[in-house]
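# Structural characterization, general
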Amino acid sequence: MQFFRLGQDVYERFRKEEGYLKPKPLHMPKNRIQQKIWCLFEHPETSVYARMIAVFSVTVVLVSVATFCVETMPYYRERYEQTNATTPDSYSEELKNNPFFIADSFCVIWFTIELTTRWLVNPRKLAFWKNVLNIIDLVAILPYFLTLIALAVKPQVTSASLTVLRLMRLIRVCRIFKLSRHSRVYYYQTTNLRK
């Protein structure tokens, strides 16, 4: 269309009718160091280091999801989960020796660092929490911390509270949506979910 020189208004109308999203203006932090950190975490196309962080993030998400899936397989569930549902047991001791919990802890530490860093360098702090992807990031790590708080408050777990803890950990499935930050296909899916 630009070749035929039909004009900018025709070009814009065509893009709107075809469903192309209008690029939003970038709001960069004013501080130079914050700008570099912001680009590292939010714009993987800006440098090799930003791409490395994006690849590492995707890898951690995949490890987290794979760990969650493998953990639910009967062989591993029986092997690492000796809690007797009829008697209270020290669930926190069980978690310390569970390789799935250790892998999950590593993943949550990375997710927390990533989310906190992106929020701290974000020039628009309130708008940051209005973004669906950031809410998904928060919801994906919350069950881990809620589990730790519940264990700190009441280290002896009964079968009913054990079920609640497991349900909270089930919310970790939201981590698959973290991939949408690095993939346009997933991004458009979550955008459509919001509508």
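Starting from 1, residues in each chain are numbered consecutively following that chain's sequence as written. The predicted origin of the model limits local features to residues at a pLDDT of at least 70 and limits the giving and counting of side-chain atom pairs to 80 or more, whereas totals for whole chains, interfaces and linings rest on all residues. Hydrogen atoms and water are omitted, and side-chain values are computed over all heavy atoms in the structure.

Let us now look at helix α3 (residues 48-71). What counts as a helix is a DSSP run of H or I of at least four residues, what counts as a strand is a run of E of at least two, and both are numbered from the N terminus. Here the expected length of a helix is defined as 1.5 Å per residue gap, with one fewer gap than residues. With 24 residues, α3 extends 34 Å from end C-alpha to end C-alpha; this agrees with the ideal 34 Å at 1.5 Å per step. Residues of α3 that are buried: Ala50, Ala54, Ser57, Val60, Val61, Ser64, Thr67, Phe68 and Glu71. Taking the backbone nitrogen of Tyr49 as reference, a side-chain oxygen 3.4 Å away marks Ser47 as the first, capping residue of α3. Exposure is judged per residue with a 1.4 Å probe applied to protein chains only, and the accessible area is read against the type maximum: over 50% gives exposed, under 20% gives buried, and values in between give partly exposed. Nitrogen and oxygen atoms within 3.5 Å of one another constitute a polar contact, given that in protein one can donate a hydrogen and the other can accept it, and given that sequence-neighbouring residues count only through two side-chain atoms.

Turning to the environment of Asn31, a few remarks are in order. Considering the arrangement of structural elements, one finds Asn31 in the loop between α1 (8-17) and α2 (32-42). For the pair Asn31 and Val121, spaced 90 residues apart in sequence, the C-alpha separation works out to 8.9 Å. Here Ile33 takes part through its backbone nitrogen, which lies 2.9 Å from a polar atom of the side chain of Asn31.

Quick look at the packing of aromatic side chains now. Stacked, tilted and edge-to-face pairs are distinguished by plane angle, under 30 degrees for stacked and over 60 for edge-to-face with tilted covering the rest, among Phe, Tyr and Trp rings (Trp via its six-membered ring) whose centres lie within 6.5 Å. Applying the stated rule across the entire model yields six aromatic pairs. With centroids separated by 4.9 Å and ring planes inclined at 85°, the aromatic side chains of Phe56 and Trp110 adopt a geometry described as edge-to-face. Here Trp110 lies in helix α6 (residues 99-121) and Phe56 lies in helix α3, a separation of 54 residues in the sequence. Among the residues examined, Phe56 registers a relative accessible area of 35% and is labelled partly exposed. Relative to Trp129, the ring of Phe128 has its centre 4.9 Å away and its plane inclined at 90°; by these criteria the two rings are edge-to-face. The class of Phe128 is buried, set by a relative accessible area of 3%. Through a chain of ring-to-ring contacts, three or more aromatic side chains come together here, namely Phe41, Phe56, Phe106 and Trp110. Above the face of the Trp119 ring, Lys125 is positioned so that its terminal group lies 5.7 Å from the ring centre. Remark: a charge is flagged as sitting over a ring if the NZ atom of Lys or the CZ atom of Arg is within 6 Å of the ring centre and within 35 degrees of the ring normal.

Turning our attention to the pattern of salt bridges. Basic side-chain nitrogens of Lys or Arg form a salt bridge, by our definition, when they fall within 4 Å of a carboxyl oxygen of Asp or Glu. Evaluated as defined, the whole model comprises two salt bridges. With a closest N to O distance of 2.9 Å, Glu42 and Arg118 form a salt bridge. Here the residue Glu42 occupies a position in helix α2, and Arg118 occupies one in helix α6, the gap between them amounting to 76 residues. Here Arg118 ties to Asp137 by a salt bridge, and the two come within 2.5 Å at their closest N and O atoms. With Arg118 in helix α6 and Asp137 in helix α8 (residues 132-153), this pair connects stretches of sequence that are 19 residues apart. We classify Arg118 as buried; its relative accessible area is 0%. Judged by relative accessible area, Asp137 falls into the buried class, the value being 2%. Among the charged side chains, a salt-bridge network with shared partners connects Glu42, Arg118 and Asp137.

The next thing to look at is the environment of Arg118. Between the alpha carbons of Arg118 and Gln34 there is a distance of 9.5 Å; along the sequence they are 84 residues apart. Polar contacts involving the side chain of Arg118 include one to the side chain of Glu42, which spans 2.9 Å.

Take the confidence of the model for the chain next. Detail in the predicted coordinates should be disregarded across regions flagged by low pLDDT. Confidence of the predictor at the level of single residues is captured by pLDDT, which takes values from 0 to 100. Looking at the chain as a whole, its pLDDT mean stands at 75, while 63% of the residues score no less than 70. Of all helices and strands in the chain, the one with the weakest mean pLDDT is strand β1 (residues 89-90) (51), whereas α6 scores best (92). Long-range and interchain partners of residues 83-89, a stretch whose pLDDT sits below 50, account for ten contacts in this model, where long-range means more than four residues apart. The contact rule is simple, with two residues in contact once any of their heavy atoms fall within 4.5 Å.

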